[in-house]
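Listed below, chain by chain, are the residues.
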Amino acid sequence: SPRSAFFRIGQMSNVDLDDELLDPVSARLVPYPSPLTTHPFFLWGCRPAGALDIDKFTERGGLSFSLLLWATLNSAFVLVGSAIVAFVEPVAAGSGIPQIKCFLNGVKIPHVVRLKTLVIKVSGVILSVVGGLAVGKEGPMIHSGSVIAAGISQGRSTSLKRDFKIFEYFRRDTEKRDFVSAGAAAGVSAAFGAPVGGVLFSLEEGASFWNQFLTWRIFFASMISTFTLNFVLSIYHGNIWDLSSPGLINFGRFDTETMVYTIHEIPIFIAMGVVGGILGAVFNALNYWLTMFRIRYIHRPCLQVIEAMLVAAVTATVAFVLIYSSRDCQPLQGSSVSYPLQLFCADGEYNSMAAAFFNTPEKSVVSLFHDPPGSYNPVTLGLFTLVYFFLACWTYGLTVSAGVFIPSLLIGAAWGRLFGISLSYVTGAAIWADPGKYALMGAAAQLGGIVRMTLSLTVIMMEATSNPTYGLPFLLVPCFGLYDMHIQLQSVPFLHWEAPVTSHSLTARYGGTVASIHVSQDERECTMDLSEFMNPSPYTVPQEASLPRVFKLFRALGLRHLVVVDNCNQVVGLVTRKDLARYRLGKGGLEELSLAQT
């Protein structure tokens, strides 16, 4: 029969075109080439009949060309994704969660909930994921949900410069914040299929002003988001009546009969939580110093785009080197890998390191959760964890639209599975037999260690795995988080839940005073009706009011300014959010921070 050899991404094979391969999913023979052995994006290079095998092809520089093409394609996608963010709408960079937290805290960040931001955010995250960066799309989904909710509540679009004359009742800051809270919860619900987790995320990470009436509103929005997603997925899968699809990210079902845990494992889960907290602290510290470097030296848009392209090229190169040097070959039969890559492995085997990098991050997480014991070599898991940890740390903070949820879960799942394999080797007991259980706990520990979520993370993981049995371990493993750190780096006047504990000695008299304004004679003759912009009954505090009391008024009422009066009810000053947010408890006591002029 005629012969031909195809060089795919990291794969070279000489086969008959009439050969048959074993389908690992259905255990039946399928003609070659088939989707099982062809990468979904590209079919690279074609050699004439009778060509040399992969080793001699490598000596001729074939793999070098593949690396160059892979790095170039990734950099091209990231170039476009980074350029539209840097030059069109910079506020669309990152996950958007820190900006939404600030907005819900009462800080107005320009353009954060505009239609143009939504378009750039969605386009940018698609290009970032296609470009092979160590990113996720969950954070941008939360930001996108918030933008949609803000636009609906106002009934008008600043980007389109159109007023649709609807929902005018909701055109107040308090109502707009409530809608944005519901949009953030709907984004979590759509991403993870976790409506309750979405409500708790909005409560724990987002909303600063909460009440019972808002709870059912947000829960209703989350349920509608889940239903809409199920309906769209049912149409996509060709079964319009099936409304039982999970969220966009499906961790699969964990069988409680085969993946049991005992009371003896609870201390181990706590130890994993400590490891996740330490790794999360290291991740945040490295990302902090990297962000400080970017603020000082990479502040021009062109430099930001170049850095993003560099990260894309380095990510492809490092992954290629790891795949090339790995000899971790696993049998195809019984594997759940969607696109197995053979590379230097024997026929009927695939390279597990290549599978970890070439599958989508979501599929890689599911594989680490559910693949049977022996599917990964400990060396492969260790190298992948180390490399992906630093790649994700370098990537978060680039001028691209990207989230950190899935990279955190993937890092934790990798070292968690390695942890389970190590326990199996050390103890030799059947209780440690399933490393997928420890991959799940490691994923929760790593995500909690980086973003410092506890309540919402527990519920999201329970809903995403459709198993409440692991509720207590999820609560135990998570441990100032990544989002709060980036808020501080941007010098935003963000008010935390409580005032600094040593601030009781400060009073409202330390706030800003009303400065003298010089008005010329001509200006005094000019008149302007500002009555519609004036508040006839503003909130006031006496100048002896303590800072914690003023702090609580700002938090509870969502104020941006507070008038300070003396004993005769005469205005003597004005306290702003920046006056309060600049104080924090440092090593030397109460310290003042410099804040951005926003």
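Rules and cut-offs
Residues numbered from 1 in each chain as written. Predicted model: local features only at pLDDT ≥ 70, side-chain atom pairs only at ≥ 80, totals over all residues. Heavy atoms only, no water. UniProt positions renumbered as here; feature names shortened; annotations may be inferred. Helix = DSSP H or I, 4+ residues; strand = E, 2+ residues; numbered from the N terminus. Buried < 20%, exposed > 50% of the residue type's maximum accessible area, 1.4 Å probe, protein only. Contact = heavy atoms within 4.5 Å. Axes fitted to C-alpha atoms, helices over the stretch in contact; angles between N-to-C directions. Parallel < 35°, antiparallel > 145°, perpendicular 65-115°, else oblique. Left-handed = near helix turned anticlockwise from the far one by under 90°. Nonpolar A, V, L, I, M, F, W, Y, C, P; charged D, E, K, R; others polar. Pairing = 2+ DSSP bridges. Salt bridge = Lys/Arg side-chain N within 4 Å of Asp/Glu carboxyl O. Phe/Tyr/Trp six-rings, centres within 6.5 Å; stacked < 30°, edge-to-face > 60°. Polar contact = N/O pair within 3.5 Å; in protein donor to acceptor, adjacent residues only side chain to side chain.

As annotated in an unreviewed UniProt entry, the chain is Chloride channel protein from Panthera tigris altaica. Taken directly from UniProt, the Sequence similarities (unreviewed entry) text for the chain runs: "Belongs to the chloride channel (TC 2.A.49) family." The record held by UniProt for the chain lists under Subcellular location (unreviewed entry) the comment "Membrane".

(A) A look at the UniProt feature "transmembrane region" (unreviewed entry) in the chain. In this structure's numbering, the residues bearing the UniProt feature "transmembrane region" (unreviewed entry) are residues 67-88, 179-202, 214-236, 266-290, 302-324, 379-397, 409-432 and 438-460. The distance separating the terminal C-alpha atoms of residues 179-202 is 11 Å; by composition the span is 92% helix and 0% strand. Helix makes up 89% of residues 379-397 and strand 0%. Its end C-alpha atoms lie 29 Å apart.

(B) Inspection of helix H12 (residues 361-370) at higher detail. In terms of residue burial, H12 counts as a mostly covered element, since seven of its 10 residues are buried. The complete set of buried residues in H12 reads Pro361, Glu362, Ser364, Val365, Ser367, Leu368 and Phe369. In this structure, the buried residues of H12 make contact with helix H5 (138-154), helix H11 (352-358), helix H13 (378-395), helix H14 (405-427) and helix H15 (435-451).

(C) Structural context of the packing of H14 against H15. Where H14 contacts H15, the axes come no closer than 6 Å and their chain directions differ by 135 degrees. Classified by the interaxial angle, the pair formed by H14 and H15 is oblique. Seen from above, H14 lies across H15 with right-handed handedness. In terms of residue class, the contact of H14 with H15 is made up of 15 nonpolar, seven polar and one charged.

(D) Looking closely at unusual backbone geometry. The backbone phi angle of His111 is positive, close to 70 degrees, even though this residue is not glycine. Residue position: His111 is located in the loop between helix H3 (97-104) and helix H4 (115-130). Positive phi is not limited to glycine here, since Asn569 has a value of about 65 degrees. Examined against the element boundaries, Asn569 turns out to sit in the loop between strand S12 (561-565) and strand S13 (571-576).

(E) Spatial organisation of the pairing of S13. Here S12 pairs with S13 via five bridges, running antiparallel. By the bridge assignment, Val564 is partnered in S13 with Gly573. Linkage of S12 to S13, two consecutive antiparallel strands, is achieved through a turn of five residues, within which Asn569 is found at a positive phi near 65 degrees.

(F) Representation of the pattern of salt bridges. Under the definition given, this model contains four salt bridges. The partner of Lys116 in a salt bridge is Glu89, with the nearest N and O atoms 3.7 Å apart. One end of the pair, Lys116, is in helix H4; the other, Glu89, is in the loop between helix H2 (62-87) and H3, with 27 residues separating them in the sequence. By relative accessible area, Lys116 is classed as partly exposed at 37%. The class of Glu89 is buried, set by a relative accessible area of 3%. Here Arg294 ties to Glu307 by a salt bridge, and the two come within 2.8 Å at their closest N and O atoms. Of the two residues, Arg294 is situated in helix H9 (residues 266-297) and Glu307 in helix H10 (residues 301-325); the sequence distance between them amounts to 13 residues. Accessibility expressed as a relative area gives 7% for Arg294, which makes it buried.

(G) Representation of the environment of Gly273. Checked against the element boundaries, Gly273 lands in helix H9. The class of Gly273 is buried, set by a relative accessible area of 3%. As for Gly273 and Gly449, which are separated by 176 residues in sequence, their C-alpha atoms are 7.8 Å apart.

(H) Main features of the environment of Trp216. Topologically, Trp216 is positioned in helix H8 (residues 212-236). C-alpha separation for the pair Trp216 and Val199, spaced 17 residues apart in sequence, amounts to 9.1 Å.

(I) Layout of the packing of aromatic side chains. For the structure on display, the rule yields 12 aromatic pairs. Their ring planes at 50 degrees and their centres at 6.0 Å tell us that Phe269 and Tyr438 sit as a pair that is tilted. Remark: Tyr438 occurs in helix H15 and Phe269 occurs in helix H9; sequence separation between them is 169 residues. As far as burial versus exposure is concerned, Phe269 and Tyr438 are alike and both buried. Here the aromatic cluster, defined as three or more aromatic residues joined through ring pairs, consists of Trp70, Phe320 and Phe358.

(J) The side chain of Ser202, seen in detail. As for its placement among the helices and strands, Ser202 is situated in helix H7 (residues 195-206). Within the local environment of Ser202, its side chain forms a polar contact with the backbone oxygen of Ser181, the two atoms lying 3.1 Å apart.

(K) A look at the packing of H12 against H14. At a closest axis distance of 9 Å, the pairing of H12 and H14 adopts a crossing angle of 25 degrees. With respect to H14, the element H12 is oriented roughly parallel. Judged by the sense of rotation from one axis to the other, the crossing of H12 with H14 is left-handed. Residues Pro361, Glu362, Ser364, Val365, Ser367, Leu368 and Phe369 of H12 pack against Ile406, Leu409, Leu410, Ala413, Ala414 and Arg417 of H14. Here the contact of H12 with H14 is composed, by residue class, of nine nonpolar, two polar and two charged.

(L) Structural detail: the pairing of S12. For S12, the buried fraction is high: four of the five residues fall into the buried class. Inspection of the sheet shows strand S11 (residues 540-542) paired to S12 by three bridges, in the parallel sense. Of the residues in S12, the one forming a bridge with Pro542 is Val565.

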